[in-house]
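Architecture at a glance
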Amino acid sequence: MNRPFHGRTRTAAAVVAAVALGVLAGCSSSSSTSSTSASTSAPASSAASSPAASSSSASAGTVSTSACGTKPGVAATGTPINIGAINTKQPGTDFSDIENMAGAYFACVNANGGINGHPIKFFPETEQTNPSQIAALAKQLVTTDHVVGMMGNSSIIECSVDAAYWKSVGIDVLGAGIDPECYSTPNTASVNMGPRYSSDGAVQYVLAQGANKIAFDQSNVPGTTYIAAGPNAVAKAKGVSIQDYTENVPITSANAIATKLVTAAGPSGAVVLNFTPPEALLILQAAQKLNLEDRVKYWACSTPCNTDFLATSLGPKWNGKLFVNAELTPLDGNTSPTAQLFDAILKQYGSDVSGGVGSFSEMGFTIAEIGTHALESITGPYTIAAVSAALEKVSDYNTGMLCQGYTYGSYSEHIPNNMDYTVTPDNGKFVEASTGGGCTLISASDPQIAAYRAIAGTAPMAG
Amino acid sequence: MPSWAEFQPYIVTGLALGGLYALSGVGLVVLYRATGVLNLAFGAVGAMGAFIAYSMVQAGDPGWVAWITCIVFGGVVTLGYGMLFGPALAGRGPLVQSISTLGLALVIFGVIDLAWPTTGGQSPSISFPTDNGGFTVVGLQVSWTQVIALALGVAITVGTGVFLRFSKLGTAMRAMANDREITATLGVPIRRVEAAAWLGCGLLAGIAGIMLADLSALDDTTLTFTVVISSLAAALIGQLRSIPVTFAAAIVIGLVHDLITPITQISNYQDMTPFVLAAIALLVMSRGQVMTRSREEG
């Protein structure tokens, strides 16, 4: 007789259920790990994008793509200059728009004279946060593809995995950094500020506006102590108390988190978030649903929140209430020649840039722009040593995308982007905050910033 | 340790979450009782329904049409799976039956990742008109969505209990839970009864998916796994049989999970709540069984 639901069978089912709990938890936590990684990364570099916003930057379109090369319309035919890049690309974490936009820029350069007649042959690679895979990719690029430079790296762990290797082969990397080694090693410099300094900027802004208490929250991932040290130093230098929190991601209880943060910050305080856009949006939307947005004086975010979709999703209630650190020039309504060139390249060569206009593509553009500038300065053969030397000579270069002139230099550590904008939502877009939103130096109360300025000085504002 | 006042806001959020876990747990128990299958795809089906609803809203469809579509999607997919694989799995053990639904969950999980990729950092979300309305109780802000979540949990629990006890179909389900073959020999159309159980479970998956997408997050990982983990723990505490105990366990899991939030020393471990509570309950229950057996043997 078949008695499927009684006695021993029920016990077996209970055992299966208990095992299933564990299995599902495993699936859940492994997924969390990838999302966790996403959170690590995005604070550093993301501020993704508004795919529909490609016309929002340089709608005038008076600058054509011919501006990206020295011989407009003449395709480069010389021996190629091999350049590589490694980006994280995995479910939930995709930075490949950075290398895709860099590739679009290089394609534009190649179509307009190349580097003194030499085309750039670009080798964009993707990885899935597997250290052995990342190490193998680096070696493959150098030994098989014979790259002479790395321009466009953006990975959750690549800097920490490959820093020693790049040093050993003499390659100077130009990328968009995430992990601490992207800022603290001699052979890597980034165009962005990364999660720590971007969070510094967000905290610094709300302190300047008068917040008397800070609740700083970020995803619970390796490196959070390192990141939190910056905002803590900035707040403590102003005599303002700051409470650190970390959350497991993906966030499953945004309402409770929003409530906790608002309670901690108090009515005259500020909540500062360092999450990927989706996770930050969850907390902000939860606050909105619970009518908590006005229970604190300010809300702030590190760079990832600087994406138009977030502004659109939040709605007008957050105009002038949420302030986001922006590491690169806001492109909405920007008609500068650089913004127009960005727009033209994106339209003509950027079919792979799935996120359209956004910080990822801006970073890729800026990396390629600086890289091209460095390559053009080389007069002899294009070797690893020549490319690294050219990069190290880049000094106070006006990218049109950063507050400061960009300097690579021969330093033991690199934080070349340490001056930020602050933006706020304005009916579906992010615009420069009307009060104190312009270029502002990240506070040297952060000991890492102070140490960098001690060796590299303080770069002046661009232009 | 936070003060009582600091804990109070989390009672509201915890009750709302608990209500949805209860709803899900009841769905799992009902299906298990009728078919012997632990539906581990419950969360994934709801998640995909919620993503479809999100896309419909983005395309300009009215919200209510999208929400109903989510619920119907849950019902249709679960029913389809039950009809297609249920008969073949009916004679297999609980391990095979459950793992097969885990397969469905992973397939749906993959489809969601393909169809709604996160490239570019965009974040889908679901909002109800009830999110921005609500009331205040002893200083606590309560949204209508939270009220609806808890009310749904209560209503589904009571309704299911009444249905199982007093309706013909419910009686047939209970009979099948006791003995499938005898029930069949008595002339009960077991395929039809099983279909009803699969359909009901799927509809509840759709309801849980759309509600949790609003209250928690429209995230495939969260909806696929977190919901199932919490509701499965509640169902386990209810010994895969008792609907009232499942409901109570789900409410406790939701409450404890959120009440841990302000305790910073352990708040990062709050996702362990369902495991810990299920483990404690199983230990206590097994201890009771051991004592009973000892008395019988003595």
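The model shown is predicted, which means the values in this text are computed figures rather than measured ones.

Considering the overall build of chain A
Summing up its helical and strand segments, chain A has 14 helices and 16 strands in all. Across the 463 residues of chain A, 63% fall into the buried class. For chain A, restricting intrachain contacts to residue pairs at least 6 apart in sequence, the fraction spanning at least 24 positions comes to 77%.

As for the overall build of chain B
If you tally the helices and strands in chain B, you get 11 helices and 2 strands. Along chain B, from the amino end to the carboxyl end, the secondary structure elements read α-α-α-α-β-β-α-α-α-α-α-α-α. Taken over the C-alpha trace, chain B has a radius of gyration of 20 Å; the compact-globule value for 298 residues is 19 Å, and the two agree within 12%. For chain B, with 298 residues in total, the buried portion stands at 52%. Look at the contacts in chain B between residues 6 or more apart in sequence, and 75% of them connect residues 24 or more apart.

A short note on unusual backbone geometry
All names here are of chain A. One non-glycine residue with positive phi stands out, namely T129, at about 50 degrees. For T129, the location among the structural elements is in the loop between β4 (120–127) and α3 (131–143). Using a count of 22 C-beta atoms within 10 Å as the deciding quantity, one classes T129 as buried. With a phi angle near 55 degrees, N291 is a residue other than glycine that sits in the positive phi range.

Quick word on the environment of P381 of chain A
Residue and element names in this part refer to chain A. Note that P381 resides in the loop between α12 (359–376) and α13 (384–392). Note on P381: 10 C-beta atoms within 10 Å, which makes it exposed. Between the C-alpha atoms of P381 and I81, which are 300 residues apart in sequence, the distance is 9.7 Å.

Things to note about the packing of helix α1 (residues 4–35) of chain B against helix α10 (residues 243–259) of chain B
Residue and element names in this part refer to chain B. It is at 6 Å that the axes of α1 and α10 come closest, and there the two elements cross at 145 degrees. The way α1 lies across α10 gives a crossing that is right-handed. Taken together, the residues of the contact of α1 with α10 sort by class into 16 nonpolar, 7 polar and 1 charged.

Regarding the pairing of strand β5 (residues 149–153) of chain A
Residues and elements named next belong to chain A. The buried count for β5 comes to 5 of 5 residues, which makes it a mostly enclosed element. Bridge count between strand β2 (residues 81–90) and β5: 2 bridges; the pairing is parallel. Each bridged residue has a counterpart across the sheet, and for G84 the counterpart in β5 is M150. Here β5 runs beside strand β6 (residues 173–175); their pairing, made up of 3 bridges, is parallel. Following the sheet pairing, N153 is matched in β6 by G175. The parallel pair β5 and β6 is bridged by helix α4 (residues 158–169), and the resulting crossover is right-handed.

Let's talk about the pairing of β4 of chain A
All names here are of chain A. Across the 8 residues of β4, 6 count as buried, placing the element largely inside the fold. Relative to β4, β2 is paired through 8 bridges, and the arrangement is parallel. Within the sheet, the bridge partner assigned to I86 lies in β4 and is E125.

Regarding α1 of chain B
Residue and element names in this part refer to chain B. The end-to-end C-alpha distance of α1 is 44 Å, a good match for the 46 Å that 32 residues give at a rise of 1.5 Å each. Its maximal kink placed at Y10, α1 deviates by approximately 30 degrees. Where burial is concerned, most of α1 is hidden: 24 out of the 32 residues are buried. Directly beyond the C-terminal end of α1, a positive phi value near 80 degrees is found at G36.

Considering the confidence of the model for chain B
In low-pLDDT regions, the fine details of the predicted coordinates are not to be read closely. Residues and elements named next belong to chain B. Across chain B, the average pLDDT comes to 88, with 94% of residues at 70 or higher. Model confidence for chain B, summarised as mean pLDDT per element, is weakest for helix α11 (residues 273–297) at 77 and strongest for helix α2 (residues 42–58) at 95. As scored by the predictor, the complex reaches a pTM of 0.76 and an ipTM of 0.72.

What to know about the domain arrangement of chain A
Residue and element names in this part refer to chain A. As assigned here, chain A comprises domain 1 (51–193 + 330–401) and domain 2 (195–326). For domain 1 and domain 2, the distance between their C-alpha centres works out to 30 Å. Facing the 7 residues of domain 1 at the interface are 10 residues of domain 2. Residues belonging to the side of domain 1 that touches domain 2 are distributed by class as follows: 4 nonpolar, 2 polar and 1 charged.

Here we look at the nonpolar core
Core analysis: the biggest nonpolar cluster contains 229 residues, and Y105, V206, I214, A270, I283 and A300 of chain A together with A50 of chain B have the highest contact counts within it. Dropping the residues within four chain positions of it, I214 of chain A is found in contact with V203, V206, A235, V240, I242, A265, G269, A270 and V272 of chain A.

Quick look at the confidence of the model for chain A
Residue and element names in this part refer to chain A. Mean pLDDT over chain A works out to 85, with 86% of the residues at or above the 70 mark. Ignoring residues within four places in sequence, the model shows residues 1–6, a span with pLDDT below 50, making 12 contacts including any to other chains. Every residue in residues 27–61 scores below 50 in pLDDT, and together they form 139 contacts with partners more than four places removed in sequence or on other chains.

Digging into the environment of G134 of chain B
Residue and element names in this part refer to chain B. Along the chain, G134 falls in strand β1 (residues 134–137). Separated by 111 residues in the primary sequence, G134 and L23 have C-alpha atoms spaced 22 Å apart. The residues contacting G134, other than those within four sequence positions of it, are Q141, V142, S143 and W144.

Considering the environment of R33 of chain B
Within the secondary structure, R33 of chain B sits in helix α1. R33 of chain B sits 161 residues away from E194 of chain B along the chain, and the two C-alpha atoms are 9.8 Å apart.

Rules used throughout
- Residues numbered from 1 in each chain as written.
- Chains lettered and ligands numbered in written order.
- Predicted model: local features only at pLDDT ≥ 70, side-chain atom pairs only at ≥ 80, totals over all residues.
- Helix = DSSP H or I, 4+ residues; strand = E, 2+ residues; numbered from the N terminus.
- Buried ≥ 20, exposed ≤ 12 C-beta atoms within 10 Å, placed from the backbone.
- Contact = placed C-beta atoms within 7 Å.
- Rg over C-alpha atoms; globule rule 2.2 N^0.38 Å.
- Axes fitted to C-alpha atoms, helices over the stretch in contact; angles between N-to-C directions.
- Left-handed = near helix turned anticlockwise from the far one by under 90°.
- Nonpolar A, V, L, I, M, F, W, Y, C, P; charged D, E, K, R; others polar.
- Pairing = 2+ DSSP bridges.
- Right-handed = clockwise from strand over helix to strand, strands pointing away.
- Expected span 1.5 Å × (residues − 1).
- Bend = angle between axes of the 7 residues up to and from the residue.
- pLDDT = per-residue confidence, 0-100.
- Domains from an automatic or database assignment.
- Core = buried A, V, L, I, M, F, W, Y, C linked by C-beta atoms within 7 Å.

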